[in-house]
Each structure stands twice: as C-alpha cells, then as structure tokens.
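# Examination of the molecular architecture
Spelled out, the chains give:
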Amino acid sequence: MMLKPYWLRFHRWITLVFALPLLALILSGLVLSLEPLAQRTRPAAPVTEASVLAALQKFDPQGQATGLTIRTYDQLMTLNGVGPDGSVDVGLRTGEAIDAPGWAEWFGTARQLHERLLLDLGWLVTASTIAMLVLALLGVLMGWPRFRNTLGGWHKAGAWMFLPLIVLSPLTGLAIAFGITLIPAAPAGARPARLPLAEAIPLVARAHDLSDLTSLRLRGGRLLARVYVGNRLTGVVVTREGLQTPPMNWPRALHEGNWHALWGSGLNLALSLVLAGLWGTGLVIWTKRRFRKRNPRPRLAAA
C-alpha cells in the first residue's frame, strides 16, 4: 500500500493529459452504441433484389460501384465509387437520389471521431485507448476501495462494478487497430476476380432478406456482405460459387456490439454512460483537491 499514493498520482495525471481525446472517444462511442438498434428498424418499403438492381442500373450502368450500404433507419442506400462526389445516396422509398441522408450522417461523423478524431489522428486514438487500459490497471493496483456515499466513493464503485467492460472495450479496440481478428489466416492463393455488385446482389438475396443487409464492399480482396442473421451482424463472403461464412471476428463484434443488436448495444450504451460518469466525477474530484490546496482553511488563533 506504500505505492498507492504514486498510483493515484499517475492515475490523475494520465486522466488529465488524455482528458479531451478520452471524452471524444466516450461520447462518440455512446452515439455509435445506438446504431445497431437503429439498423434493426424495418424499412417502410421492402428492400428487394429488383429495387437494388434498379438503383444500380440507374446510377451505375457501367458497373463501377465499389460497394453499397443500406441504412434502414434513414430509408437510405448509398452507392460508393460512383458519381462526381464518389457516392450517391438513394432513397429506398422512391429509388431517386436524395441530398439529406439524415441519421447516417450523424453516425458517420461519430465514427470518424471515434476512429480518427476527425483529423486523421489515429495514433492519438490508439494512445488514448492504451491510456484507458493503464487507468484501469492503476485503479486495480490501488486496491479494493471502501465504498462510501460520496463523489469519490461512487467513482470507485462504478469503476469496480464495470471493470470487466472497462477493460474489454479498449482491449478489443486495440485488437481492431492492430488488425487482430483471432481468425486463422487464409491459405495463400490468387485473389478471385472482382464480382460486380449487380451479380452479387442476387446471390445474397437468395439466402437473406436484403432488409437485413447493411453493407456490401471489398475487404481484403474479397467481396464481403454484412448481414443480420437474427440479431447478430454476420460477415458473408460473396463469390460466383455462392456464399461463404468465415469465422466471427470476435474483437470487432464485441467492440461494436454487433454480436447482438439488443444486448450488445445495451451493454455498450451502459459502458459509455459509466465512462462519461467516471470522466466527469474524476475531473470534479481533481478540481476540488486543487482548489483546496490553493485555498487552505485558515487556522484558528490560539485562545
């Protein structure tokens, strides 16, 4: 316990140094935790093979599109790699191009903030994620706390109650950043020729409701569809021979909450709220301590 004051000092200073990027990661993570729930919103107009192929024929007659995303909460399909701006937003209800994607823009901004802090600062995101793990480790090293009905007591209680999630979130985030998937490497070989989206959509539609499809794009030389099977978002490789389901990328699934649209989103939302509370209470506790040091109580004169 002799080292506890030093652990506490390191804990405070690391929090102060990374206060702003940590706040950005926490708040953007809170917003992103709601996206799987929103994505399970059923579209007003069904997403059919015919409607998707009609949009591809209208906006990508040359077959140049590199991918597409479907956002049911906005009744929106985005075609990537086409048009003068590099993408075209198509309304699912009308099949026409639209200018206001709605919530998809908010979720996209939150994702850029979460991954790059909007300024291509991925290294700072990684450093802040490591700092979060170090803060959790320092909290453990300081020992089991005495729970008291004070701001500091609630700060410690929240940290210990949610410690597994507080550790799991940055660990899986680092796994994503360093490309760790826990999936055995595929045997080396020639990459298959790129399959046009117009040929891939019928293959996906035979096995899945296209309303459950969230994206279809190239990943590592393969055309990967991300589609909900039940409430789990699953990756499916699309080839001319058919669909192949690779092993689950568990670090990404756990970090994004895609292992279950309801429970995964709920846990990520709860964790974001806890982290925001820890960030806020920790800052208040530090401010109070600094204020007391600068304004010591006057000593009573001896009688």
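The structure we're discussing is the one just above.
Residues numbered from 1 in each chain as written. Predicted model: local features only at pLDDT ≥ 70, side-chain atom pairs only at ≥ 80, totals over all residues. Heavy atoms only, no water.

### Concerning the overall build of the chain
Put simply, the rule is: Comment: elements are numbered from the N terminus, with helices defined as DSSP H or I runs of at least four residues and strands as E runs of at least two. In this scheme, a residue with accessible area under 20% of its type's maximum is buried, one over 50% is exposed, and one in between is partly exposed, where area comes from a 1.4 Å probe on protein chains only. Note on definitions: a residue-residue contact is assigned when non-hydrogen atoms from the two residues lie within 4.5 Å. For the accessible areas, the method is Shrake-Rupley and the probe is 1.4 Å, while residue cover comes only from the protein chains on display.
A tally of regular secondary structure across the chain gives eleven helices and seven strands. Along the three orthogonal principal directions, the C-alpha set of the chain runs to about 95 × 45 × 30 Å. When burial is assessed residue by residue, the chain has 38% of its 303 residues classed as buried. Considering only residue pairs separated by 6 or more positions, the chain has 64% of its internal contacts joining residues 24 or more positions apart. Entry remark: accessible area of the chain is about 17900 Å², with carbon and sulfur atoms responsible for 63%.

### Comments concerning the environment of Gln-39
Mapped onto the fold, Gln-39 is located in helix α3 (residues 35-39). Sequence separation between Gln-39 and Val-140 is 101 residues; the distance between their C-alpha atoms is 37 Å.

### Quick look at the packing of aromatic side chains
To be explicit about the condition: Aromatic contacts are taken between Phe, Tyr and Trp rings whose centres are within 6.5 Å, Trp giving its six-membered ring; a plane angle under 30 degrees counts as stacked, one over 60 as edge-to-face, and the others as tilted. Only when the NZ of Lys or the CZ of Arg is both within 6 Å of the ring centre and within 35 degrees of the ring normal is a charge said to sit over the ring.
In the structure shown here, the tally under the stated rule is two aromatic pairs. Measuring from centroid to centroid gives 6.4 Å for Trp-7 and Phe-10, while their planes differ by 55°, and the two rings are tilted. On the criterion of helical spacing, the pair formed by Trp-7 and Phe-10 is a turn pair, its members being three residues apart in helix α1 (residues 4-17). For Trp-7, a relative accessible area of 23% corresponds to the partly exposed category. Note on Phe-10: relative accessible area 45%, which makes it partly exposed. The ring of Tyr-228 carries the charged tip of Arg-40 above its face, separated from the ring centre by 4.4 Å.

### Some words on the pairing of strand β1 (residues 67-71)
Operational definition: Following DSSP output, two strands are said to pair if at least two bridges run between them.
Of all five residues making up β1, five are buried, and the element is well covered by its neighbours. Here β1 shows no split at all, with Gly-67, Thr-69 and Arg-71 on one side and Leu-68 and Ile-70 on the other all buried. In this sheet, strand β2 (residues 76-80) lies alongside β1 in antiparallel orientation, the contact comprising five bridges. Following the sheet pairing, Leu-68 is matched in β2 by Leu-79. With three bridges joining them, β1 and strand β4 (residues 213-219) adopt antiparallel strand pairing.

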